[in-house]
Amino acid sequence: MCHFTQRGSTFSFPKICNVFWRFHHTSTSHLCSCSKTISDEKYQDPFQLGRKDLKNLYEDIKKELLVSAAELKEMCDYYFDGKGKAFRPMIVVLMARACNIHHNNSKEVQASQRSVAIIAEMIHTASLVHDDVIDDANSRRGKRTLNQIWGERKAVLAGDFILSAASVALARIGNTTIISVLTQVIEDLVRGEFLQLGSKENENERFAHYLEKTFKKTASLIANSCKAVSILGCPDPKVHEIAYQYGKNVGIAFQLIDDVLDFTSCADHLGKPTAADLKLGLATGPVLFACRQFPEMNAMIMRRFSKPGDVERAWKYVLQSDGVQQTTYLAQRYCHAATREIRKLRPSPEREALVHLTEMVLMRDK
């Protein structure tokens, strides 16, 4: 039997399914136990706590992207318009504060730690630009993509430019360990994209393949950025691992919910077309779970939903199955794992905000 192992977590598809069938029959709400975890804690709004450290974030990113070419500047400004939630930088600065307080009760974010937050957002945005080119996407965050406005070639170059500027900012931190940790993210993004281009015939391998792709394309950035700021703020390797594991588990849960929203959210609300993954030939969590109830989906998965009617049939099968619910349960388990990790740090408002963030990931609708 094939297993997926990623820094301390081992999963197999039958094991996952058995666990979630028990969840299905004993839980009346897919968020119930996670809500109980949070209800006894003093409420901490992650975005409110992180706001101080994220002030002028996009202005600072634009300073890193100083360029004389007017068109390239316009393309960069188009994505860094300050309207995003800055989800990843917010996690990074909260983790920085939580680790600093844990180590020596320091309540300030170091300049180098804030730089990691900036770099994380730049790497993330560059990956979105490249993803949109690969997927021939026409909308992102509710507006047209760079490749639709300026064309594929210029969009690729804009993504490359953002990535190179992030690398310069990373080198400026002057810490070889941090450089090593964050360049791993870039390698993982490329490897994750290659994983997404492939598929597995065996269903156990297929689910492991999906989870590994999810880690590399989404969770690695959050995990390694959290690890980077913990290294800058605390010398204890155990704290570095806590930060990494929290980021990894939250990152995977975030993507699992994203995959659920592809089936449950309307296009206007989501900011991009629904069923986008099916149209790209991708079998995400809801599809893989649905395949257990509708084995005829296997053939569609292997041909990447390429025949006329495949996307519509697969969509119908997913909604008739418990695929959406099971994927949500899986995200909930990853959020529980993240909460267990972060609670190993000393109590602080930032630690509780990171706990609360796991519930926000599960509750988000776009």
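Residues numbered from 1 in each chain as written. Predicted model: local features only at pLDDT ≥ 70, side-chain atom pairs only at ≥ 80, totals over all residues. Heavy atoms only, no water.

As recorded in an unreviewed UniProt entry, the protein chain goes by the name All trans-polyprenyl-diphosphate synthase PDSS1, listed as coming from Melanocharis versteri. Under the UniProt heading Cofactor (unreviewed entry), the note attached to the protein chain is "Mg(2+)". Database annotation for the protein chain, UniProt heading Sequence similarities (unreviewed entry): "Belongs to the FPP/GGPP synthase family." (UniProt positions renumbered as here; feature names shortened; annotations may be inferred.)

Within this structure, the stated rule accounts for eight aromatic pairs. The interplanar angle of 45 degrees and the centroid separation of 6.5 Å between the aromatic rings of tyrosine 58 and phenylalanine 80 together place this pair among those described as tilted. Taken as a pair, tyrosine 58 in helix 4 (residues 57-64) and phenylalanine 80 in the loop between helix 5 (70-79) and helix 6 (87-104) lie far apart in primary sequence, 22 residues in all. Feature note: the residues Tyr78, Tyr79 and Trp150 constitute an aromatic cluster, connected by ring pairs. Directly above the ring of tyrosine 78 sits lysine 143, whose terminal nitrogen or CZ lies 4.1 Å from the centroid. If you follow arginine 364 out to its NZ or CZ, it ends over the ring of phenylalanine 254, 3.7 Å from the centre. (Phe/Tyr/Trp six-rings, centres within 6.5 Å; stacked < 30°, edge-to-face > 60°. Helix = DSSP H or I, 4+ residues; strand = E, 2+ residues; numbered from the N terminus. Lys NZ or Arg CZ within 6 Å of the ring centre and 35° of its normal.)

Time to look at the environment of methionine 297. Here methionine 297 lies in helix 16 (residues 297-302). With 17 residues separating them along the chain, methionine 297 and alanine 314 place their C-alpha atoms 6.9 Å apart. If near-sequence neighbours (up to four positions away) are discounted, methionine 297 is found in contact with Val287, Ala290, Cys291, Ala314, Tyr317 and Val318. (Contact = heavy atoms within 4.5 Å.)

As a further point, take the pattern of salt bridges. The full count for this structure, using the stated rule, is 18 salt bridges. In this structure, lysine 52 engages glutamate 108 in a salt bridge whose closest nitrogen and oxygen atoms are separated by 3.9 Å. Pair noted here: lysine 52 is in helix 3 (residues 46-54) and glutamate 108 is in the loop between helix 6 and helix 7 (111-135), with a separation of 56 residues, a long-range link. Among the residues examined, lysine 52 registers a relative accessible area of 57% and is labelled exposed. We classify glutamate 108 as partly exposed; its relative accessible area is 48%. (Salt bridge = Lys/Arg side-chain N within 4 Å of Asp/Glu carboxyl O. Buried < 20%, exposed > 50% of the residue type's maximum accessible area, 1.4 Å probe, protein only.)

What follows deals with the environment of valine 92. Along the polypeptide, valine 92 turns up in helix 6. Not counting residues within four places of it along the chain, the set of residues in contact with valine 92 comprises Gln113, Val116, Ala117, Ser225 and Val229.

On to the packing of helix 4 against helix 7. The contact between helix 4 and helix 7 brings their axes to 10 Å, and the two run at 75 degrees. Put simply, helix 4 runs roughly perpendicular to helix 7. Taken together, the residues of helix 7 that come into contact with helix 4 (itself represented by Leu57, Tyr58, Asp60, Ile61 and Glu64) are Arg114, Ile118, Glu121 and Met122. Taken together, the residues of the contact of helix 4 with helix 7 sort by class into five nonpolar, no polar and four charged. (Axes fitted to C-alpha atoms, helices over the stretch in contact; angles between N-to-C directions. Parallel < 35°, antiparallel > 145°, perpendicular 65-115°, else oblique. Nonpolar A, V, L, I, M, F, W, Y, C, P; charged D, E, K, R; others polar.)

This part takes up helix 11 (residues 203-233). Given a rise of 1.5 Å per residue, 31 residues ought to cover 45 Å, and the 42 Å separating the end C-alpha atoms of helix 11 matches this to within 8%. Roughly 60 degrees is the biggest bend found in helix 11, and it falls at alanine 219. For helix 11, a buried count of 27 out of 31 residues is recorded, marking the element as mostly surrounded by other parts of the structure. (Expected span 1.5 Å × (residues − 1). Bend = angle between axes of the 7 residues up to and from the residue.)

Turning our attention to the packing of helix 6 against helix 7. Between helix 6 and helix 7, whose axes approach to 8 Å, the crossing angle comes to 155 degrees. As judged from the angle between their axes, helix 6 and helix 7 are roughly antiparallel. Where helix 6 crosses over helix 7, the handedness of that crossing is right-handed. Contact residues: helix 6 offers Arg88, Pro89, Val92, Val93, Ala96 and Asn100, while helix 7 offers Gln113, Val116, Ala117, Glu121 and His124. Taken together, the residues of the contact of helix 6 with helix 7 sort by class into six nonpolar, three polar and two charged. (Left-handed = near helix turned anticlockwise from the far one by under 90°.)

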